[in-house]
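# Residue-level structure breakdown
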Amino acid sequence: MYEINGDPQIRESLERAYGQVWDTDELARDFAVEGFAAPFVVVVRKADRVKGSLQFQHSPRFYYAFQPVE
């Protein structure tokens, strides 16, 4: 059986693999959340209104790997 976020990572590991990482407060600062479908969240980046998705892990809760919708 596949377990979503079965191997949670520390922030530094996620940053090495994916670049910028957001915690919950940082996510709220930079994005408007439109919906969740684990392990993804649909967002709109506040700076430029670009819609996209982020992956997230549950605990510790981090968001990463922003992908704009084309």
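Overview of the structure. Keep in mind that this is a model prediction, so the values were computed, not measured.

How each quantity is defined
- Residues numbered from 1 in each chain as written.
- Predicted model: local features only at pLDDT ≥ 70, side-chain atom pairs only at ≥ 80, totals over all residues.
- Heavy atoms only, no water.
- Pairing = 2+ DSSP bridges.
- Helix = DSSP H or I, 4+ residues; strand = E, 2+ residues; numbered from the N terminus.
- Core = buried A, V, L, I, M, F, W, Y, C linked by side-chain atoms within 4.5 Å.
- Buried < 20%, exposed > 50% of the residue type's maximum accessible area, 1.4 Å probe, protein only.
- Contact = heavy atoms within 4.5 Å.
- Phe/Tyr/Trp six-rings, centres within 6.5 Å; stacked < 30°, edge-to-face > 60°.

### Here we look at the sheet that holds strand β4 (residues 50-57)
Strand pairing in a sheet takes place through backbone hydrogen bonds and is either antiparallel or parallel in direction. Judged by pairing direction, the sheet is antiparallel, and its 5 strands sit side by side in the order β1-β5-β4-β3-β2 without closing on themselves. In this open sheet, the two strands that pair with only one neighbour each are β1 (21-22) and β2 (31-37). Where β2 lies against strand β3 (residues 40-45), 6 bridges are found, and the strand directions are antiparallel. When the bridges of β3 are listed, Ala32 appears paired with Val44.

### Thoughts on the nonpolar core
With 9 residues, the main nonpolar core is built from Trp22, Leu27, Phe31, Val41, Val43, Leu54, Phe56, Tyr63 and Phe66. Residue assignment for this core shows that the elements contributing at least two residues are β3, β4 and β5 (62-68). When sequence neighbours within four positions are dropped, the list of residues in contact with Tyr63 reads Gln20, Val21, Trp22, Asp23, Thr24, Leu27, Phe36, Val41, Leu54, Gln55 and Phe56. Listed in part, the 5 residues of the second largest apolar core include Leu14, Val21, Phe62 and Ala65.

### Some thoughts on the packing of aromatic side chains
Two measures describe an aromatic ring pair: the distance that separates the ring centres and the angle between the ring planes. Considering all chains together, one arrives at 5 aromatic pairs under this definition. Measuring from centroid to centroid gives 4.7 Å for Tyr18 and Tyr64, while their planes differ by 35°, and the two rings are tilted. Of the two residues, Tyr18 sits in helix α1 (residues 11-18) while Tyr64 sits in strand β5, which places them 46 residues apart along the sequence. We classify Tyr18 as partly exposed; its relative accessible area is 42%. The class for Tyr64 is buried, based on a relative accessible area of 7%. When the ring of Phe36 is compared with that of Phe56, the centres are 5.4 Å apart and the planes differ by 90°; the resulting orientation is edge-to-face. Highlighted residues: Phe36 in strand β2 and Phe56 in strand β4, separated in sequence by 20 residues. On the basis of relative accessibility, which here comes to 49%, the residue Phe36 falls in the partly exposed class. Owing to a relative accessible area of 7%, Phe56 belongs among the buried residues under this scheme. In textbook terms, an aromatic cluster arises when at least three aromatic residues are bridged by ring pairs, as seen for Trp22, Phe31 and Phe66.

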